[in-house]
Structures are given as structure tokens and as C-alpha cells.
Amino acid sequence: MNYQKLDAALATALNDVQNSQETSLGVFIHTEPILDSAATSFLESLGVSGVTSGKDIFTATLSPNTISQLSEQPWVMSLKRSQQLRLVNKRINIGKLGV
């Protein structure tokens with residue numbers, strides 16, 4: 001595993017995973033802008049959708065083993081942890097925001 005390509009949140013999450021085969025981690029994959037056919041095929045084999053030339057950020061849910069394999073690829077620039085988004089269901093009282 002090339003830890004230099006991982007952000008702190010992803011490195012921490014990798015340490016907390018019990019099963020290294022389980023696809024449980026959402027990640028952003030930052031690559032070189034121009035990918036060759038081998039790199040495109042590799043990403044598609046991982047289940048990454050929308051792999052096209054000229055695109056350099058992809059999202060996927062991967063296992064720690066797969067993240068390790070990706071981190072070793074020369075065309076992968078960085079891997080970042082994707083956080084689960086949540087809806088904010090709070091109303092703002094506009095009357096209190098007056099100047």
C-alpha cells in the first residue's frame with residue numbers, strides 16, 4: 001500500500017476495517033487526466049462507472065485490498081475518503097437574520 005496517496009481519513013478508516021475483502025469504503029479516485037486503455041479497463045473491472053478519457057476524478061465503494069492495489073498504480077494521483085452525506089432538515093428563521 002502506498003500511504004502517500006491516501007488522505008488521513010481514508011488511512012484511518014482502513015485501520016478500522018475488520019474484513020479486508022469487504023467493499024465498504026467510499027472513495028474518490030484522483031487520476032491523471034489521460035488514461036490509457038489498461039488503466040480504463042482496471043477501473044472498470046473494479047466496478048467504477050463513467051470511466052472516460054479526460055475525466056480525472058471517479059467515485060467507488062471499494063475494499064481495503066482494492067484500495068491497496070489502486071494506490072500502487074502510477075496513474076493514480078490520490079485516494080480520498082468519501083463521507084456519507086446526510087440531509088439537514090432544519091428550518092432557518094429568516095426574521096432573525098435581519099441587518
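A brief report on the enclosed structure follows.

So, how was this worked out
Residues numbered from 1 in each chain as written. Predicted model: local features only at pLDDT ≥ 70, side-chain atom pairs only at ≥ 80, totals over all residues. Heavy atoms only, no water. Pairing = 2+ DSSP bridges. Helix = DSSP H or I, 4+ residues; strand = E, 2+ residues; numbered from the N terminus. Axes fitted to C-alpha atoms, helices over the stretch in contact; angles between N-to-C directions. Buried < 20%, exposed > 50% of the residue type's maximum accessible area, 1.4 Å probe, protein only.

Overview of the sheet that holds strand β3 (residues 76-81)
And then number 1: Here we have three strands laid out as an open sheet, ordered β2-β1-β3, and antiparallel in their pairing. Looking at which strands have only one partner, the edges of the open sheet turn out to be β2 (57-62) and β3. If you compare each strand with its neighbour and ignore which way they point, the axes differ by 30 degrees on average.
And then number 2: Bridge analysis of strand β1 (residues 25-31) against β2 gives six bridges, and the strand direction is antiparallel. Within β2, the position partnered with Ile29 by the bridge is Phe58.

Describing the pairing of β1
And then number 1: Of all seven residues making up β1, six are buried, and the element is well covered by its neighbours.
And then number 2: Examined bridge by bridge, β1 and β3 share five bridges and lie antiparallel to one another. The residue of β3 that forms the bridge with Ile29 is Leu79.

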